[in-house]
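Chain and residue survey
Here is how the chains run, residue by residue.
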There are 2 protein chains.
Amino acid sequence: MARVSQAHLDARRRQILDGARRCFTRNGFHATSMQDVFQETGLSSGAVYRYFRGKNDLITAVAEEAFERMRLAFESAGREAPLRPLDDVIDEVLSHVLEEHERESGTDRPGAFAELIVQVWSETLRDGQLAATLNAGYDRMRVMWAELVRTYQDAGRLRADVPTDHVVRALMALVQGSIVQRAVFKDVEVELRSGLRALLSPHA
Amino acid sequence: MARVSQAHLDARRRQILDGARRCFTRNGFHATSMQDVFQETGLSSGAVYRYFRGKNDLITAVAEEAFERMRLAFESAGREAPLRPLDDVIDEVLSHVLEEHERESGTDRPGAFAELIVQVWSETLRDGQLAATLNAGYDRMRVMWAELVRTYQDAGRLRADVPTDHVVRALMALVQGSIVQRAVFKDVEVELRSGLRALLSPHA
DNA sequence: GACCTTAAAACGAACGTTCCTTCTTGACAA
DNA sequence: TTGTCAAGAAGGAACGTTCGTTTTAAGGTC
């Protein structure tokens, strides 16, 4: 094939990213060899190296894509009907993060996305560039959620004598911690909403 | 039999564990080479391999020690005066986890312990044995904290129509998420307590 | 036939580990 | 107390393997 279509190129790139993601999820970024990726994608080294400069580029691409997906889950849940119960909002973020992704890419195990996110976090400790990308993304998340929390505070649904950003961080911590539990306690369906409801309205 | 004292053996073992921990925190378990460990500890390969069977044993030892430290932070905070405000209890766990450790081993950067914990979580995805150890530890934590939460529920400080275990998981998620933030947002002092207070008593 | 994609062999580098040597230690005889 | 010595502890070069990557050659399309 001399000249292939752009659609074909995109499909190949996606094929590589998907295979690499499965490898990385299963074995971690650094315990996965390029040979593993070649085998999982069904492609040879020449093909993979045509689309990615090297292993580190592959790691970065997979990591950024996973993080972006999580960020969008936060944003879309934050954009919906205002002043819903907060436990509903948080639960929706988690549903997006943990389940919708798995429905979409049918090849992954349940919990695979959570496992990948945990690995992305730990990769930031080694890769300053990736850390900068994640920090920028988290800044955007916090700005948007600050507006959301502010509406709750203004409406008297949350006390206003606490810095908005602190509340945002606490809410984000709830989601991040749930991702950790989903990744580490593989067998258990993490049921956050009811526990969160008990915390948010302790005197029902 | 001419041997060195047990104290000497223990000290050497600790020297290796400390050096390895610093390497692992800085570069991750798998991007750290044994050569790095030799250099950081100031010992030769022969010495290190006398105390540990191989790299994987070293990883396991460092990971289990870090996790055990976190588990003890949960337990000690849970044992103190009952029915304190929940945000105080959570904050104390975090103080133990994030700061006391750093005061103790003066060689580490701030946030180093949080970074290590994140790496331990991600290592469980690759090492089933370590995953089993962590799951057992988390079970113990949840049992103990279930008793704590139950006292709050019985005292009417938390609604009782929610399974105790769900509340425990939500509280643990708060701490775990804060650890994530501490590890990834290096520059920021995560201020969880006030944000948590706003969530716990929204109508102050 | 020209050109681009893919496959696969092959490369140097770096890895974890082993092995042999050297140094150090503590017990014990004198 | 001191000198001797066996054995444990540490050092460091070298090993075979596997890594990520490059190069080379075949295959296919226009």
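Here's a quick rundown of the structure. (Residues numbered from 1 in each chain as written. Chains lettered and ligands numbered in written order. Predicted model: local features only at pLDDT ≥ 70, side-chain atom pairs only at ≥ 80, totals over all residues. Heavy atoms only, no water.)

Brief notes about the protein's contact with DNA strand C
With respect to spatial proximity, 20 residues lie near DNA strand C, and among them R12 and R50 of chain A together with R3, M34 and Y49 of chain B are the closest. Counting only the atoms of DNA strand C that lie within 4 Å of the protein, the sugar and phosphate share comes to 70%. Between DNA strand C and S44 of chain A, the relevant distance is 3.3 Å, taken from a phosphate oxygen to a side-chain nitrogen or oxygen of the residue. The side chain of S45 of chain B places a nitrogen or oxygen atom 3.0 Å from a base oxygen of DNA strand C. Breaking the surface near DNA strand C down by element, the ones donating at least two residues are α1 (6-27) and α3 (45-51) of chain A together with α2 (34-41) and α3 (45-51) of chain B. The dominant element in the surface near DNA strand C, judged by the number of residues it contributes, is α2 of chain B, at three residues. Its residues assigned to classes, the surface near DNA strand C shows eight nonpolar, eight polar and four charged. (Near = heavy atom within 4 Å. Polar contact = N/O pair within 3.5 Å; in protein donor to acceptor, adjacent residues only side chain to side chain. Helix = DSSP H or I, 4+ residues; strand = E, 2+ residues; numbered from the N terminus. Nonpolar A, V, L, I, M, F, W, Y, C, P; charged D, E, K, R; others polar.)

Observations concerning the protein's contact with DNA strand D
Around DNA strand D, the structure places 24 residues, and the nearest of them are M34, Y49 and K55 of chain A together with R12 and S44 of chain B. In the interface set of DNA strand D, defined as its atoms within 4 Å of the protein, sugar plus phosphate atoms amount to 60%. Between DNA strand D and the protein, one listed contact pairs a phosphate oxygen with a backbone N or O atom of T32 of chain A at 3.4 Å. At 3.0 Å from a phosphate oxygen of DNA strand D is found a side-chain nitrogen or oxygen belonging to Y51 of chain B. Of all the elements in the fold, those that place two or more residues in the surface near DNA strand D are α2 (34-41) and α3 of chain A together with α1 (6-27) and α3 of chain B. In terms of residue count, the dominant contributor to the surface near DNA strand D is α3 of chain B (five residues).

Focus: unusual backbone geometry
At L83 of chain B, a residue that is not glycine, the phi angle is positive and equals roughly 65°. The class for L83 of chain B is partly exposed, based on a relative accessible area of 31%. (Buried < 20%, exposed > 50% of the residue type's maximum accessible area, 1.4 Å probe, protein only.)

Describing empty space enclosed by the protein
Taken as a whole and judged by the stated rule, the model has one cavity of 30 Å³ or more. Its volume calculated, the largest cavity comes out at about 200 Å³. Considering the residues around the largest cavity, the lining is formed by 18 residues, among which H30, Q119 and S122 of chain A together with H30 and S122 of chain B are closest to the centre. The set of elements that each furnish at least two residues to the lining of the largest cavity consists of α6 (112-124) of chain A together with α6 (112-124) of chain B. (1 Å grid on protein atoms, 1.4 Å probe; cavity = no way out; pocket = protein on both sides within 12 Å on 5 of 7 lines; lining within 4 Å. Points joined across faces, edges and corners; volume = space filled by probe spheres on them.)

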